[in-house]
Amino acid sequence: MDIKAWLKRINRNRVLFPLGALALLVIVAASLSPHFLTPMNIKNVLSQVSIIAILAAGEACVILTGGIDLSVGAVLAISGSITAVLMKWVGAAIPLAILGGLGAGALAGALNGLMVAWVRIPSFIATLAMMAVARGGTLVLTNGRPVSGFLKSFRAIAGYAGPLPLLFLITFGVYVLWQLALSHTRFGRYVYAVGGNETGTRFVGVNVRRVKLLVFILAGLCAAIGGIMLDARLNAAYPTAGEGYELDAIAAAVLGGVSLSGGVGSLVGTFFGALVMTVLGNILNLLKVGAFYQYIAKGLILAVAAISLSRGIKFAK
Amino acid sequence: MKRLIAVLGTVLLLGALVWAEAPTIAVFISTLKNPYFVTLADGAKAAGEEFGAEVVIYDAQDDAALQLSQVEDAIAAGVDAICINPVHTEALIPAVEKANEAGIPVFSVDRDVLGGERVCYIGTSNVLAAEQGAATLIRYLALAKRELPWRIVILEGIPGASAAVEREEGFKNVFKPLIDGGAIEVVADLTAYFDRAKGYQVMSDILATTTDIDAVIAANDEMILGALEAIKAAGLKVGFPDGILLMGFDAIDDAVAAVKTGELVGTVAQAPYIQGYWGVEAAYRYLVEGWRPPEGTAIYPPTGALFIPTPVAVVTAENVDQVAQITRTPPPLPGTE
Amino acid sequence: MGGGNGGRPWVEMRGIHKWFGGVHALKGVDFHVHRGEVVGLIGDNGAGKSTLIKILSGVFPPDKGEILIEGRRVRFRSPKDAKEYGIETVYQELALVDNLDVPANIFLGREPALVGGRGLFALLHKGRMLREARALLERLKVNIGDLTSLAGELSGGQRQTVAIARALYTEPKLLIMDEPTAALAVQETRKVLDLVRKLRERDIGVVFISHTLQEVFAVADRIVILRKGEKVGDLPAAALTVDEAVKLMVGGEGA
Ligand SMILES: Nc1ncnc2c1ncn2[C@@H]1O[C@H](COP(=O)(O)OP(=O)(O)OP(=O)(O)O)[C@@H](O)[C@H]1O
Ligand SMILES: [Mg+2]
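Residues numbered from 1 in each chain as written. Chains lettered and ligands numbered in written order. Predicted model: local features only at pLDDT ≥ 70, side-chain atom pairs only at ≥ 80, totals over all residues. Heavy atoms only, no water.

Structural notes on the interface of chain A and chain B
Stage number 1. Each side of the interface is counted separately: chain A has 39 residues, and chain B has 39 residues.
Stage number 2. Interface area for chain A against chain B, summed over the two sides, is near 3,600 Å², with a carbon-plus-sulfur share of 65%.
Stage number 3. Its largest share of buried area at the contact with chain B, chain A owes to A:Arg233, A:Asn285 and A:Lys288, together 18% of the area lost on that side.
Stage number 4. Remark: the boundary between chain A and chain B carries 2 salt bridges.
Stage number 5. Here B:Glu97 makes a salt bridge to A:Arg155, at a shortest N to O gap of 3.6 Å.
Stage number 6. Here chain A is connected to chain B by 17 residue pairs in polar contact (both at pLDDT 80 or more).
Stage number 7. Of all the secondary structure elements, the ones that give two or more residues to the side of chain A that touches chain B are helix H2 (16–32), helix H3 (39–64), helix H11 (208–234), helix H13 (267–286) and helix H14 (291–316) of chain A.
Stage number 8. Broken down by element, the residue count for the side of chain A that touches chain B peaks at 12 residues, all from H14(A). (Contact = heavy atoms within 4.5 Å. Buried area = accessible area lost by both parts, 1.4 Å probe. Salt bridge = Lys/Arg side-chain N within 4 Å of Asp/Glu carboxyl O. Polar contact = N/O pair within 3.5 Å; in protein donor to acceptor, adjacent residues only side chain to side chain. Helix = DSSP H or I, 4+ residues; strand = E, 2+ residues; numbered from the N terminus.)

What follows is the structure, encoded as structure tokens:
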């Protein structure tokens, strides 16, 4: 097999580009700032990427099936709030509170899945509705007030396991499991198949509805994990948490090579995509670039990345 | 790829430009979408130029998690002091704690953080500001020689929101003795959720029950401007001396314009510019001159921080033309004269 | 003529009706196939051919009418049910998933598992899929080249062969082919027709739909003609000429 064919095979799910972009960004960042590769900053970046990356994991799978989930930011908020309320106002034990939050996320995801797969509402609309309901539900639940001041043992979720942030380890674990499920289980195969040719997949007898339902449930679960991690990191749950995160999650997936039309991409790439976005913000902060210039720099770099991504794909074909 | 390198090169240049020996003061703003905080950032930048400190402005876009990340990054980049206008009073406690661990002094600006060590909190007391607004309204009622008792309407903000609670407290501090003495009669005391449309609606509901009203005071300008429209729609007269007297809060542009035309008797102006300016000035003097909040500095009761209150001006017909100047001229920082 | 035509048909559809909103796509059609029999199904565009075979393969239920297999009434709630009875289909709209490779397409919906049995989270046995896919294609004497190519990277003929191979993997009792040659070059078409003849030898029933009547006449034992949702002809291929078939399809004189 010649090298070009080999590269093509490797890049079938477009992981090379985000990896390259990340490598380039890291090299440039390290040469621009002496603070970039310090242990402290590496820990910071790994903590910072965790929440956006976990949202992106769920989002990427929904996009792989050809859908979109606009509710992940709001589901993050409601799950985080439920966990917080259970701990602070109800006095529930920590594992129980966490289960409550995860359950809420899974439920929201299941409702999304039912609306999309059974009622056949386009996912864009169904999850937009869920976004509004979950955000409103959060406000009702918390009365619009933040819930804060959790037990040390809960905050430990945002602590360290050896040199590594626990948040990062959780996210990393989820990614490993998900990537394995995507590339080595029947479920993963059907996720790609539904994204590539939904009708054809249904014709061979695959229960497409169940696949879609599961994908949305998993996205809701990921959002819930993100909400609980955010609670621990901020030591507070607040009703506006996660506003606009759905767009960051979508951007991370797309930068990571996931095609918005479904069927193409991977979680490995998505993870690199999330890292690219986080490192970009981090290096601009380290260089003390003021707010207004940050917007311009970020916008330009993301645009350049997106352009090279689409060019790169054409080249590979 | 070339373009990516070009962009990063530009970023490198920008980085090099701001690289200097002066102390670096990081200023974390909750959101630059709100003009109020843009003015605060302007004040911070002006103080940076005045004192020769390097001021870096971060915009958290109202996202507490993003602001925490920015604080982490600034600490990693080795800034010398932090001024923070937190997105959130509680969610940013971990950020302040991280700065404390790194030995970087923290100054909270406009809004305090509810934990961690802050050198001081530089902000407006909503209670004091509301007292000044209410007192000004009373002065105008007296000047207009209105018959006693004065019948007034109070429009409150979102129930439970800290600004609403504190402003209500300030109004009550002024009105309570007068109510008890029979000089003031409260026609209605209702919430309009800091919202202009709700202000209109609530005011028209009140006018349906009575038009015998001397004055309306609201916890923000949006509500008073809504009420103004409702009163005009009801065909009633507004303004000094013989119309209904209206007092707002925040001095937004629409409200200042209405003060100029005489439709509002006044609106309370906080001074975000001075808050930003004092934040950076205090941080700079703390680092370079060993400035500390002076002996006898009061405690801000809601948060327990040492409180450096910034001045408040009530915008009225008498000073409306100088208001921009007043709120942008920082008086000496307490403890420096 | 193929074997087994004398007795009871293997599958029988009786009085099938289907409406799509206001469109009455099938108006009481009877249809049957014996084992080892090749039935050519012809008709003009929109005559209802695809609709009829989609009902037979479980894509949608008939609004009226019944289906019998070996004389017993059956009900298909999904293509999976039909597959379980041994009915496999190569659809007109190429049903391959372009972003999956050849083995993945052949085994889609029935992937062999390393562990986990038939569960959704069963681990795929990728090695077995590749081996068996290769063996299957060799048995059918077709050459795809690199089996790890994505379906989207194959030529039209290769795609069609993969689709047919997929349908044959489980040794079905009935294979339905909806315009399997529409996208093919002459050479590739000949291969498909050869394949159909081989199926007859293996006692598999075939429903063959095509607009190229010469093809149909070349392989079919019996020809069924639909016009505007009605069956207008059902004759042994030997008893019919192409011209007569065309007349029946478009109406004109005598039906
Ligand atoms: N899913 C559907 N929804 C609505 N109408 C349909 C649907 N499928 C088929 N029809 C209509 O039913 C009628 C029969 O269509 P069908 O696809 O069965 O014809 P066909 O004989 O296969 O034609 P062709 O040779 O063009 O493939 C047509 O009028 C078609 O428009
Ligand atoms: Mg058809």
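Thoughts on H3(A)
All names here are of chain A.
Stage number 1. The first and last C-alpha atoms of H3 sit 35 Å apart over 26 residues, in line with the 38 Å expected at 1.5 Å per residue.
Stage number 2. Its maximal kink placed at Ser50, H3 deviates by approximately 35°.
Stage number 3. Just downstream of H3 lies Gly66, where phi reads positive at about 95°. (Expected span 1.5 Å × (residues − 1). Bend = angle between axes of the 7 residues up to and from the residue.)

Re the interface of chain A and chain C
Stage number 1. Facing 25 residues of chain A, the contacting portion of chain C comprises 36 residues.
Stage number 2. Broken down residue by residue, the surface that chain A buries against chain C is led by A:Arg186, A:Arg189 and A:Phe203, which jointly contribute 34%.
Stage number 3. Inspection of the region where chain A meets chain C yields 1 salt bridge.
Stage number 4. A salt bridge links A:Arg186 to C:Glu111; the nearest nitrogen and oxygen atoms lie 3.8 Å apart.
Stage number 5. The interface formed by chain A and chain C contains 12 residue pairs in polar contact (both at pLDDT 80 or more).
Stage number 6. When residues in the side of chain A that touches chain C are grouped by element, the largest group, 7 residues, is from helix H9 (residues 186–196) of chain A.
Stage number 7. For the side of chain A that touches chain C, the residue count by class is 9 nonpolar, 9 polar and 7 charged. (Nonpolar A, V, L, I, M, F, W, Y, C, P; charged D, E, K, R; others polar.)

Structural notes on the sheet that holds strand E8 (residues 205–209) of chain C
Residue and element names in this part refer to chain C.
Stage number 1. What the 6 strands build is an open sheet, ordered E6-E7-E8-E3-E9-E10; its pairing is mixed. Looking at which strands have only one partner, the edges of the open sheet turn out to be strand E6 (87–90) and strand E10 (230–236). Averaged over all adjacent pairs, the angle separating strand axes in this sheet is 15°, with direction ignored.
Stage number 2. Relative to E8, strand E7 (residues 174–178) runs parallel, the two sharing 5 bridges. Residue pairing in the sheet places Leu174 in a bridge with Gly205 of E8.
Stage number 3. Sheet contacts for helix H5 (residues 156–168): E6 and E7; angle to E6, the most-contacted strand, approximately 175°. (Pairing = 2+ DSSP bridges. Axes fitted to C-alpha atoms, helices over the stretch in contact; angles between N-to-C directions.)

A few points about the packing of H3(A) against helix H8 (residues 166–184) of chain A
Packed helices, taken two at a time, are described by the angle between their axes plus the distance between the axes.
All names here are of chain A.
Stage number 1. Here H3 crosses H8 at 20°, and the two axes come no closer than 8 Å. With respect to H8, the element H3 is oriented roughly parallel. Note that H3 runs across H8; the crossing there is left-handed. Facing H3, whose interface residues are Leu46, Ser47, Val49, Ser50, Ala53, Ile54, Ala56, Ala57, Gly58, Cys61 and Leu64, H8 presents Leu167, Phe168, Thr171, Val174, Tyr175, Trp178 and Leu182.
Stage number 2. In the contact of H3 with H8, the residues fall into 14 nonpolar, 4 polar and no charged. (Parallel < 35°, antiparallel > 145°, perpendicular 65-115°, else oblique. Left-handed = near helix turned anticlockwise from the far one by under 90°.)

Points about the packing of H11(A) against helix H3 (residues 64–76) of chain B
Stage number 1. For the pair H11(A) and H3(B), the least separation of the axes is 11 Å and the interaxial angle reads 50°. When the interaxial angle is binned, H11(A) and H3(B) end up oblique. The two elements H11(A) and H3(B) cross, and the hand of that crossing is left-handed. Counting all contacts with H11(A), which are made through A:Leu230, A:Arg233 and A:Leu234, the residues of H3(B) involved are B:Ala64, B:Ala65, B:Leu68, B:Ser69 and B:Glu72.
Stage number 2. For the contact of H11(A) with H3(B), the residue count by class is 5 nonpolar, 1 polar and 2 charged.

Description of the pattern of salt bridges
All names here are of chain B.
Stage number 1. A full pass over the atoms with the stated rule returns 38 salt bridges over all chains.
Stage number 2. Ionic pairing is found between Asp189 and Lys172, a salt bridge with its closest N-O pair at 3.0 Å. Highlighted residues: Asp189 in strand E7 (residues 184–191) and Lys172 in helix H6 (residues 162–180), separated in sequence by 17 residues.
Stage number 3. Look at Lys172 and you get partly exposed, because its relative accessible area is 27%.
Stage number 4. Where Arg285 meets Glu281, a salt bridge forms, and the shortest distance between an N and an O atom there is 2.8 Å. In this pair, Arg285 and Glu281 are both assigned in helix H10 (residues 272–288), 4 residues apart and thus about one turn of the helix distant. As far as burial versus exposure is concerned, Arg285 and Glu281 are alike and both buried.
Stage number 5. One connected set of salt bridges, linked through shared partners, spans Glu156, Glu168, Lys172 and Asp189. (Buried < 20%, exposed > 50% of the residue type's maximum accessible area, 1.4 Å probe, protein only.)

As for the domain arrangement of chain B
Residues and elements named next belong to chain B.
Stage number 1. Parsing chain B into structural domains produces domain 1 (12–124 + 271–310) and domain 2 (126–269).
Stage number 2. A C-alpha centroid distance of 34 Å is found between domain 1 and domain 2.
Stage number 3. At the interface, 4 residues of domain 1 touch 4 residues of domain 2.
Stage number 4. The three residues of domain 1 that bury the most area against domain 2 are Thr124, Ala271 and Tyr300, which together make up 75% of that side's buried surface.
Stage number 5. Where domain 1 touches domain 2, the interface holds 0 salt bridges. (Domains from an automatic or database assignment.)

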